[in-house]
Amino acid sequence: MTLHRILVLGGTGFIGRSIIARLAAQGVRVSAPTRRLARARALMPLPTVDVVETDIHNDANLAALIKNQDAVINLVGILHSRGGNPYGADFARAHVELPRRVVAACEAAGVTRLIHMSALSSDGPAPLPSMYLRSKADGEQAVMGSALNWTILRPSVVFGPDDRFLNLFATLQRFAPMMPLARARTRFQPIHVEDVAQAFINTLERRETFRRGYELAGPRVYTLRELVRLSGQRAGCARPIIEIPDMAGRLQAMILEALPGPTLMSLDNFDSMARDNVASGPIAPELGIDPIAIEDASVDPVAVRQQRLDQSRGFARR
Ligand SMILES: NC(=O)c1ccc[n+]([C@@H]2O[C@H](COP(=O)([O-])OP(=O)(O)OC[C@H]3O[C@@H](n4cnc5c(N)ncnc54)[C@H](OP(=O)(O)O)[C@@H]3O)[C@@H](O)[C@H]2O)c1
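Residues numbered from 1 in each chain as written. Predicted model: local features only at pLDDT ≥ 70, side-chain atom pairs only at ≥ 80, totals over all residues.

Look at helix H3 (residues 89-109): 28 Å from first C-alpha to last across 21 residues, which is about the 30 Å you get at 1.5 Å a residue. By the largest-angle criterion, Glu97 marks the main kink of H3, which is about 35 degrees, and a proline, Pro99, follows within four residues. Those residues of H3 that sit buried are Phe91, Ala92, His95, Val96, Leu98, Pro99, Val102, Val103, Ala105 and Cys106. Looking at the buried side of H3, the elements it contacts are strand E1 (5-9), helix H2 (59-66), strand E4 (71-74), strand E5 (113-117) and helix H4 (131-144). Once H3 ends, the next one or two residues include Gly110, with phi positive near 75 degrees. (Helix = DSSP H or I, 4+ residues; strand = E, 2+ residues; numbered from the N terminus. Expected span 1.5 Å × (residues − 1). Bend = angle between axes of the 7 residues up to and from the residue. Buried ≥ 20, exposed ≤ 12 C-beta atoms within 10 Å, placed from the backbone. Contact = placed C-beta atoms within 7 Å.)

Okay, the site of the ligand next. Surveying the vicinity of the ligand reveals 22 residues, the closest of which are Gly10, Gly13, Thr34, Arg35 and Gly77. Grouping the constituent residues of the shell around the ligand by class yields 13 nonpolar, 7 polar and 2 charged. (Near = placed C-beta within 6 Å. Nonpolar A, V, L, I, M, F, W, Y, C, P; charged D, E, K, R; others polar.)

Reading across the sheet, the 7 strands line up as E3-E2-E1-E4-E5-E6-E11 and stay open at both edges, with parallel pairing between neighbours. The open sheet has two free edges, formed respectively by strand E3 (49-53) and strand E11 (212-216), since each of these has just one partner strand. Averaged over all pairs of adjacent strands, the angle between their axes in this sheet comes to 20 degrees, without regard to strand direction. Where H3 meets the sheet, it contacts E1, E4 and E5, and its direction lies at approximately 180 degrees from that of E4. (Pairing = 2+ DSSP bridges. Axes fitted to C-alpha atoms, helices over the stretch in contact; angles between N-to-C directions.)

What follows concerns the nonpolar core. By size, the foremost hydrophobic cluster in this structure holds 85 residues, and its most contacted members are Val8, Val72 and Ile73. Counting residues per element, this core draws most heavily on H3, at 8 residues. Residues contacting Val8, with those up to four places away along its chain left out, are Gly16, Ile19, Ile20, Val30, Ala32, Ile73 and Leu75. (Core = buried A, V, L, I, M, F, W, Y, C linked by C-beta atoms within 7 Å.)

Here we come to the packing of H3 against H4. Two elements in contact, H3 and H4, have axes separated by 8 Å at closest approach and are oriented at 5 degrees. Our classification of the angle between H3 and H4 gives roughly parallel. Of the residues in H4, those in contact with Phe91, Ala92, His95, Val96, Pro99, Arg100 and Val103 of H3 are Met131, Tyr132, Ser135, Lys136, Asp138, Gly139, Ala142 and Val143. Classifying every residue of the contact of H3 with H4 by side-chain character gives 9 nonpolar, 3 polar and 3 charged. (Parallel < 35°, antiparallel > 145°, perpendicular 65-115°, else oblique.)

Turning our eyes to something else, we now look at H4. Relative to the 20 Å expected for 14 residues at 1.5 Å per residue, H4 spans 20 Å between its end C-alpha atoms, a close match to the ideal helical length. A large share of H4 lies buried, amounting to 12 of its 14 residues. Buried residues belonging to H4 abut H3, E5, strand E6 (149-155), E11 and helix H9 (267-272).

The omega torsion of the bond from Asn85 to Pro86 falls at 5 degrees, within 30 degrees of zero and hence cis. Counting through the fold element by element, Pro86 comes out in the loop between E4 and H3. Here the phi dihedral of Arg183 falls at roughly 50 degrees; this positive angle occurs in a residue that is not glycine. One can find Arg183 in the loop between strand E8 (179-181) and strand E9 (187-188).

Two elements in contact, helix H1 (residues 14-25) and helix H6 (residues 193-204), have axes separated by 9 Å at closest approach and are oriented at 55 degrees. Judged by the angle between their axes, H1 and H6 are oblique. The handedness of the crossing between H1 and H6 comes out as right-handed. Note on element contacts: H6 touches H1 through Val193, Glu194, Val196, Ala197, Gln198, Phe200 and Ile201, opposite Phe14, Ile15, Ser18, Ile19 and Arg22. Of the residues contributing to the contact of H1 with H6, the split by class is 8 nonpolar, 2 polar and 2 charged. (Left-handed = near helix turned anticlockwise from the far one by under 90°.)

As structure tokens, this is what we get:
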């Protein structure tokens, strides 16, 4: 790799950890800022990775992080926000203002290579159905309007041992006697986290990916109903799935959003599912990946998660 120093914003998350592990394996010096050091525990043993606790929404901090980097990867993203039109303040800050500020800081520092993480369907026809997608679309505009050598990657749902999507449905089925499911026919094309990470690595140095956006999707299309059944089967707790109308689904999402503790699902997540989350064509050859399907993943993500939960309960009892 000719890029020796890379800043990964959002690198402590589910996808970022896989990307950074691959960069570190190639000896790349990685800077990984976080709001809380505890979030970066998995990255700390990696010898070429510098974890920094800092506020990347502060321009001086961002400029200091970007200075002397060969490339920047921006993965920062959130799933929930306060309400607003066209999107709430949290989405505006993380998905739109931050990319604008990253672009400005890269331009000021002379860092020309930027890979920006968006989401499948955010470049779809208006009106986009959710605040999440609308804010992702405006973040893309900020990147595309720059003079940088940007690449935008837009994955469908990403699966892996720590994913939020399949694991959420497995968890719900563990505790509920049945699965009332709205938008059961919405289609998804899940992609494995390691395929996403490899696409980022391959893209970094490929000039043909400069100033282009790419969809990232797996080899198979599933309805939401099929994915829920699959996650239940893999967790050993498949429940009967009862399709419910949209109105009841909205109510269900509102209740889940209002529950105390971390938000499992929001009304905005429900709105995102008004559209299929499926790629418009085969994966672009220049991304250099041949994605695997959920059934073909050598490690079953739901089983791994369950094993970890069981282990931590075992420790807690000792
Ligand atoms: N996972 C999927 O299925 C999927 C599908 C399509 C697109 N994407 C996109 O891929 C990206 C990564 O997703 P992920 O699943 O890896 O997310 P994740 O596990 O939730 O990680 C999010 C990352 O963003 C950082 N972050 C979150 N809010 C922030 C804020 N307000 N200010 C600064 N940093 C913030 C977090 O850093 P700290 O908490 O350490 O500060 C963390 O490193 C996101 O942009 C997401 O929209 C994901």
